[in-house]
Amino acid sequence: DASKCATHGLLLCVHESVNTSENSSTLLGVTLMGKLTTHVLDTVHGGPAAGMAVSLYRLEPEGWGLLKALVLNDDGRADGPLLEGAALVAGRYRLVFSVAAYFRQRGVLLPEPPFLDEVPLDFGLADPALHYHVPLLASPWAYSTYRGS
C-alpha cells in the first residue's frame, strides 16, 4: 500500500509488487511472459541474414537435445519466439547458426573448409520469466553476440 511505499521507499515498493509464477512475473499489474528470441545480421552485406538456418538445443542429462530447427525470415529473425511460456525453462541452451551455408548461398566464395562453418552459442537462462534475446552479427570470418533486449 501507499504508506508502506512511503515508509520503505520506491525500490522496496516495486520489489514487493513483483509476483513470480512458473514462467511469468507481474510487475505493477503488468504480466511479463518469458521468451527466447534471436536475430542475425549479415555484416558483409549490411542487412538481415534472411534464409540462415538455425538450430536450438537444450542440455539434458543425456546430452544436447534438439528443440527446434528453422530458417530465418526476411528480417533475419524467427517468425516467432524460439521458446516461450511453459516451454521456456531455466537451463543451458545452444543456438547453432549455419554461417558458411548462408554465405555460400549469398554467393560469397569461401575456402574449404571454411573458417567459420557452424557457429554454436552456448548460454544459460536463469529466469524463465524474462525475455532473452540472443542476436548474432556474422561474417565468414568473425562473429559477435550479446544479450539483447
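Read on for an overview of the structure. (Residues numbered from 1 in each chain as written. Predicted model: local features only at pLDDT ≥ 70, side-chain atom pairs only at ≥ 80, totals over all residues. Heavy atoms only, no water.)

1. Some details on the pairing of strand β10 (residues 118–125)
The side-chain alternation of β10 yields one buried face, formed by V119, L121, F123 and L125, and one unburied face, formed by E118, P120, D122 and G124. For strand β9 (residues 91–98) and β10, the ladder comprises eight bridges, and the chain directions are antiparallel. In the strand pairing of β10, L95 is matched with L121. (Buried < 20%, exposed > 50% of the residue type's maximum accessible area, 1.4 Å probe, protein only. Helix = DSSP H or I, 4+ residues; strand = E, 2+ residues; numbered from the N terminus. Pairing = 2+ DSSP bridges.)

2. Some points on the pattern of salt bridges
Per the counting criterion, the structure on display carries five salt bridges. The salt bridge partner of R77 is D75, with a shortest N-O separation of 2.8 Å. Given a relative accessible area of 40%, D75 falls into the partly exposed group. For R94, the salt bridge goes to D122, with nearest N and O atoms at 2.6 Å. With R94 in strand β9 and D122 in strand β10, the pair connects residues that are 28 residues apart, well separated along the chain. Judged by relative accessible area, R94 falls into the partly exposed class, the value being 22%. The exposure class assigned to D122 is partly exposed, which follows from its relative accessible area of 42%. (Salt bridge = Lys/Arg side-chain N within 4 Å of Asp/Glu carboxyl O.)

3. Concerning the side chain of D42
Residue placement: D42 occurs in strand β4 (residues 35–42). Within the structure, D42 has its side chain in polar contact with the backbone nitrogen of V44 (distance 2.8 Å). Setting aside residues no more than four positions away along its own chain, D42 makes contact with G47, P48, A49, Y102, F103, R106 and A138. (Polar contact = N/O pair within 3.5 Å; in protein donor to acceptor, adjacent residues only side chain to side chain. Contact = heavy atoms within 4.5 Å.)

4. Focus: the nonpolar core
Grouped together as the largest cluster of nonpolar side chains are 30 residues, with contacts concentrated most on L36, M52, L95, F97, V99 and L136. Contributing elements (two or more residues each) for this core: β4, β6 (53–60), β9, α3 (99–105), β10 and β11 (131–138). Leave out the neighbours within four places in its chain, and L136 touches H39, V40, L41, F97, V99, V119, L121, Y143 and S144. (Core = buried A, V, L, I, M, F, W, Y, C linked by side-chain atoms within 4.5 Å.)

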